[in-house]
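Working through the structure, step by step
Next come the chains, spelled out residue by residue.
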Amino acid sequence: MTTKTITWRLRTLMAERGMFKTTDLLEPLKAEGVALSREQVFRLVTQTPQRLNVEVLAALCTILDCTPSDLLVLEQVATQSVKATGTGGKIEDIGDLRPVPARIQRPKP
């Protein structure tokens, strides 16, 4: 089974162009006609966005001299499906690890 993951490479592309602070994007974005707050730019750089305005994407591509496929990389990751087993079945994830019963003793007076 494979799942698709999106890698947001904005921070990497910024670093390749000598932009190491999130605030380095404020003025270039403003020059491209995109008004974002400092907090919005911070979230844009540090997190993969759930939604992305096309104008912001175009401005980032212009500023960083890249294409959208440079910013967003779609990767297929193979995943293993683990089926639940009943008692007595072998669980592959934990190997031979089993819980150790606790021994509770009263303190000696």
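These remarks concern the structure in this document. What you are looking at is a predicted structure, and each value in this text was computed from that prediction instead of being measured.

For the rest of this paragraph, the subject is helix H4 (residues 54-64). The set of residues buried in H4 consists of Val56, Leu57, Ala59, Leu60, Cys61 and Leu64. Structurally, H4 contributes buried residues whose contacts are with strand S1 (2-8), helix H1 (10-16), helix H2 (26-31), helix H3 (38-46) and helix H5 (68-71). Between the side-chain oxygen of the N-cap and the backbone nitrogen of Glu55 there are 2.7 Å, and the N-cap of H4 in question is Asn53. Just downstream of H4 lies Asp65, where phi reads positive at about 50°.

Let us look at the pattern of salt bridges. Enumeration according to the criterion identifies three salt bridges in this entry. Across the salt bridge formed by Arg38 and Glu39, the nearest N and O atoms sit 3.8 Å from each other. One continuous salt-bridge network, built from bridges that share partners, spans Arg9, Glu16 and Arg17.

Counting through the fold element by element, Thr67 comes out in the loop between H4 and H5. The exposure class of Thr67 is partly exposed, given its relative accessible area of 37%. Spatially, the C-alpha atom of Thr67 lies 9.2 Å from that of Leu57, the residues being ten residues apart in sequence.

Thresholds, definitions, all that
- Numbering of residues starts from 1 in every chain and runs along the sequence as written.
- Thresholds applied to this predicted model are a pLDDT of at least 70 for local features of residues and 80 or more for the giving and counting of side-chain atom pairs; totals over whole chains, interfaces and linings are not thresholded and use all residues.
- Side-chain descriptors were evaluated using all non-hydrogen atoms of the structure, hydrogens and water having been removed beforehand.
- Only protein chains enter the calculation, and the probe is 1.4 Å; a residue is then buried if its accessible area is under 20% of its type maximum, exposed if over 50%, and partly exposed in between.
- Working definition: helices are DSSP H or I runs of at least four residues, strands are E runs of at least two. Numbering for both runs from the N terminus.
- Every residue pair with non-hydrogen atoms within 4.5 Å of one another is taken to be in contact.
- Nitrogen and oxygen atoms within 3.5 Å of one another constitute a polar contact, given that in protein one can donate a hydrogen and the other can accept it, and given that sequence-neighbouring residues count only through two side-chain atoms.
- We define a salt bridge as a side-chain nitrogen of Lys or Arg found within 4 Å of a carboxyl oxygen belonging to Asp or Glu.

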